[in-house]
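# Commentary on secondary and tertiary structure
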Number of protein chains: 2
Amino acid sequence: MKSIKQEFTVPFSYNVEFTENLFDPANTLFADTVDSKGSDPKPTILFVFDSGMYDCQPNLMRDISNYTQKHSGRFSVVSEPVIIPGGERSKNDPKHVQMILDAIESADLDRHSYVAVIGGGAVTDTAGYAAAIAHRGIRLIRIPTTVLAQNDAAVGVKNGVNAYGKKNFLGTFVPPVSVLNDFSFLNTLDDRQWRAGISEAVKVALIKDADFFEELEANAKALNMRDKDAMSSLIYRCAELHLEHISTSGDPFERGSSRPLDFGHWVAHKLEQLTDYRLLHGEAVAIGIALDTIYSQLLGYISEEECTRILDLFRACGFTLYIQELEQHLDHPEKKESVLHGLQEFREHLGGELTIMLLDEIGRGVEVHEVDLPLYRKAIDTLRTNEKELV
Amino acid sequence: MKSIKQEFTVPFSYNVEFTENLFDPANTLFADTVDSKGSDPKPTILFVFDSGMYDCQPNLMRDISNYTQKHSGRFSVVSEPVIIPGGERSKNDPKHVQMILDAIESADLDRHSYVAVIGGGAVTDTAGYAAAIAHRGIRLIRIPTTVLAQNDAAVGVKNGVNAYGKKNFLGTFVPPVSVLNDFSFLNTLDDRQWRAGISEAVKVALIKDADFFEELEANAKALNMRDKDAMSSLIYRCAELHLEHISTSGDPFERGSSRPLDFGHWVAHKLEQLTDYRLLHGEAVAIGIALDTIYSQLLGYISEEECTRILDLFRACGFTLYIQELEQHLDHPEKKESVLHGLQEFREHLGGELTIMLLDEIGRGVEVHEVDLPLYRKAIDTLRTNEKELV
């Protein structure tokens, strides 16, 4: 019997740019991004907006319209943007993907056109998914507007929406053509959104970079006081570590069962679900990291002293590290309402063997493939006790 | 303003295997494919069947069941397969993708599980799309059962379904983990399906390999008489040329505007649509190639003698090269009902500049970026006149 072995590699590249006032007519970054080679015919761009961001930026449409006019020789814009709700709602309701596909179709966009999405991580995930499946891939420009999207959600290679009550059940690995991080969007964030993005930076520092963790400790108060320079520096370094991981891990499209950047995330995904997304993703990640850090310490990995430093950093940034949903049905991990059911859901999403990242010390993670449920119950108990003592 | 350049490459590899009696318990190819490394836990497989194929293979379920029992230590199978209609219907109705996603979800498949699809090219496209978007990619095994799927549709890196009346409006570039070409499926094809797959072989011979074209000429009668050896040899060489193109073209995921393997396809896609898919894809491709060959000759590229050899080969294989739909609204290329509107749809799907493959000589294509509509009308006229003379 014959056989043909097919082998090829596909190169991917994109820039993550850091700027301010992206749609100031004097800032040519956006025009240069969509028209890097003097394209002929000039490209068409469909904007997708996060309604939360849109409501806080009453001048955005006018600014984009002025910008488009100024650079009209280089690109054109579909007259009606698509506006979808911010936050997890955008990923939960299939009609939002449909709205974007409808707009792509009725504007006759092609594979050389662009979808430019401006908003938080959930909206960039939704628009990214719609762009990835239309015509087998419309070019995507992400313009993330939250801390979490700028340092984590919108810099990577994934997109996705929720289905069947499962997070990111539908999605693809398709890198964007560019990510434009405009720090001036951060001014409009409320305090919760501002803070939520910090936990992904703590996460990546904990598993990869002890120096960055110390920088975060030194800047904790400034971050809590909304110091923009401290936050810009956090975003840059966090994005850089995230990108480094993707390009050097050897598994950018996650074919294995390991996903180190998901430290703390099995808990986080489950708590978002259990609270019906009342918790922001970053708030849930902070709790997830706190829990897996205490569990690491109870297992004998990280020291008690380092464990305390980590919890203290989160508190100095203003995070709450305990919520009641952690305790429900703790003795019944087989029930969907138990946070411990999240372990099974996490394994299912990645596939293969269960792989959980824990902490060996600050700056170095360690992967385990089994969990000790009674010890997890004890970790939850510790978290509750700590938090009560603080009140 | 700072900037981070992200760069990485992703390696892809898969085997295209040629076999007979895939589910004979003594044939270990299928078991070896899903369990190449003694996987732990053992993988789960969801089967998706083409109802057309399924109805012709009354013993298939029993054979698979016996096979699974024999190799039960190596993989397990989801008890209920998904059965969807064969042909373009599977790609036209969104409920078929939904049925496959429902089955993936309710069986708790993960990224290490498999979707194994058995059927024609439309069904492998539909199942491939569903597998590609579930959990950002369930592993796909294609088991194509028609000539066209074995030599063309199911050996490449694309999947997709139709939407908004547009062919492959939704889809992705995601290679399978394996393609298992079982020649014994060919016995159940009706004469139209048997013949239809020949045109993709003629296509790839015309643009890439004059020797292969001569082999096809020599075998035309045998192919028309359903000689299985002649067909197996055609399938192998056509698949090989197709795979070579993907791995050596430098653009496996088609980011540019050029798509040489779509020679004759702008006409074919449009005729399928205009005939409401009464024409099989391969039948439409034969007409598309005939038209673009005559047009190439009228433009002064290919010689009249070679043009005649090409039309004669199709006729020797039993193809009809003219249908009435070619003539409707010929003076109104702006109307969707005109075959000439297909030029615009083709450009839109690929994006960027219009790029049409024509023939310089047998074995060598030439790309053009403009078309001469009056000359296309003349080519259609020639096709009709030729065909009338034959009757």
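In this numbering scheme, every chain counts its residues from 1 along its sequence in written order. Chains and ligands are labelled by the order in which they are written, letters from A for the one and numbers from 1 for the other. Owing to the predicted nature of the model, reporting of local features is limited to residues with pLDDT of at least 70; listing and counting of side-chain atom pairs is limited to 80 or more, with chain, interface and lining totals taken over all residues. Excluded from the side-chain calculations are hydrogens and water; all other atoms, namely the structure's heavy atoms, are used.

### Here we look at the relation of the copies chain B and chain A
How we decide: Residues reaching a pLDDT of at least 70 in both copies supply the C-alpha atoms on which the copies are superposed by least squares.
The two copies are related by a screw operation: chain B maps onto chain A through 180 degrees of rotation and 0.0 Å of translation along the axis, at an RMSD of 0.0 Å. Here the transformation between the copies is reduced to the relation of a two-fold axis. When C-alpha positions in chain B are compared against the rotation axis, the closest is assigned to Val10 of chain B, at 2.7 Å.

### What to know about the packing of helix α12 (residues 265-274) of chain A against helix α15 (residues 341-350) of chain A
Residues and elements named next belong to chain A. Convention followed: Every axis corresponds to a line fitted to the C-alpha atoms, with the helix fit spanning only the stretch in contact, and the corresponding angles, defined between N-to-C directions, vary from 0 to 180 degrees. Strands here mean DSSP runs of E at least two residues long; helices mean DSSP runs of H or I at least four residues long; both are numbered from the N terminus. What sets the label is the angle itself: under 35 degrees gives roughly parallel, over 145 gives roughly antiparallel, 65 to 115 gives roughly perpendicular, and the rest give oblique. Two helices cross in a left-handed way if the nearer one is turned anticlockwise from the farther one by less than a right angle. They cross in a right-handed way if the turn is clockwise. Contacts are assigned to residue pairs with any non-hydrogen atoms lying within 4.5 Å of each other. Asp, Glu, Lys and Arg are counted as charged, while Ala, Val, Leu, Ile, Met, Phe, Trp, Tyr, Cys and Pro are counted as nonpolar; the rest, among them Gly, fall into the polar class.
Two elements in contact, α12 and α15, have axes separated by 9 Å at closest approach and are oriented at 110 degrees. As the angle between them shows, α12 and α15 are arranged roughly perpendicular. Judged by the twist between their axes, the crossing of α12 over α15 is right-handed. Across the interface between the two elements, Trp266, Lys270 and Gln273 of α12 pack against His341, Gly342, Leu343, Glu345 and Phe346 of α15. For the contact of α12 with α15, a count of residues per class yields three nonpolar, three polar and two charged.

### Comments concerning the environment of Ser258 of chain A
Residue and element names in this part refer to chain A. Rules: Using a 1.4 Å probe on the protein chains alone, a residue whose accessible area is under 20% of its type maximum counts as buried, one over 50% counts as exposed, and one in between counts as partly exposed.
Mapped onto the secondary structure, Ser258 falls in the loop between α11 (228-248) and α12. Under the relative-accessibility criterion, Ser258 is labelled partly exposed at 31%. Measuring from C-alpha to C-alpha, the distance between Ser258 and Asn159 comes to 18 Å, with 99 residues separating the pair along the chain.

### Quick word on helix α3 (residues 60-70) of chain B
Residues and elements named next belong to chain B. Let me state the cut-off plainly: For this quantity, the arc is that covered by the directions from the helix axis to the C-beta atoms.
Buried residues of α3: Leu60, Ile64, Tyr67 and Thr68, and no others. The buried residues of α3 occupy one face: seen down the axis, they fall within an arc of 100 degrees. Relative to its buried face, α3 has exposed residues pointing more than 90 degrees away, namely Gln69 and Lys70. The inward-facing, buried residues of α3 abut α1 (29-34), β2 (44-50), α2 (51-56), β3 (76-77) and β5 (114-119).

### So, the pairing of strand β11 (residues 364-368) of chain B
All names here are of chain B. Going by this rule: Paired strands, in this sense, are two strands between which DSSP finds at least two bridges.
Pairing of strand β10 (residues 356-361) with β11, which is carried by five bridges, proceeds in the antiparallel orientation. Along β11, the bridge assignment pairs Met357 with Glu367. The turn linking β10 back onto β11 is made up of two residues, and Gly363 within it adopts a positive phi angle of 100 degrees.

### With respect to empty space enclosed by the protein
All names here are of chain B. In plain terms, the rule: Only protein atoms enter the calculation, which uses a 1 Å grid: trapped sets of points that fit a 1.4 Å probe without letting it out are cavities, open sets showing protein on both sides within 12 Å along at least five of seven lines are pockets, and any residue with an atom within 4 Å of a point is a lining residue. Grid points are joined across faces, edges and corners, and a volume is the space filled by probe spheres set on the points.
Here the structure, examined in full by the defined rule, presents three cavities of 30 Å³ or more. Around the largest cavity, the lining comprises 17 residues; the ones closest to its centre are Lys167, His269, Glu345, Phe346 and His349. Mapped by element, the contributors of at least two residues to the lining of the largest cavity are β8 (166-170), α12 (265-274) and α15 (341-350). Of the residues forming the lining of the largest cavity, the biggest block, six residues, is contributed by α15. The volume enclosed by the second largest cavity comes to roughly 70 Å³.

### Comments concerning the nonpolar core
Worth spelling out the cut-off: Residues belong to one nonpolar core when they are buried, are Ala, Val, Leu, Ile, Met, Phe, Trp, Tyr or Cys, and are joined through side-chain atoms within 4.5 Å.
Core analysis: the biggest nonpolar cluster contains 174 residues, and Leu271 and Leu326 of chain A together with Leu271 and Leu326 of chain B have the highest contact counts within it. Discounting chain neighbours no more than four positions away, the residues touching Leu326 of chain A are Val267, Leu271, Ile287, Leu291, Val339, Ile380 and Leu383 of chain A. With 52 residues, the next largest nonpolar core counts Val48, Val78, Ala103 and Val161 of chain B among its residues.

### Here we look at the confidence of the model for chain A
Quick reminder of the rule: Values of pLDDT, ranging from 0 to 100, describe the predictor's confidence in every residue of the model.
Of all residues in chain A, 99% have pLDDT values of 70 or greater, and the mean over the chain is 95. For this predicted complex, the interface confidence score (ipTM) comes to 0.94, while the overall pTM stands at 0.95.

### Some thoughts on unusual backbone geometry
Of note, Glu254 of chain A is a non-glycine position whose phi angle comes to about 50 degrees, a positive value. Looking at the element boundaries, Glu254 of chain A is found in the loop between α11 and α12. For Glu254 of chain A, a relative accessible area of 13% translates into the label buried. The phi dihedral of Asp276 of chain B falls on the positive side, at around 55 degrees, and the residue is not glycine. Positionally, Asp276 of chain B belongs in the loop between α12 and α13 (281-298).

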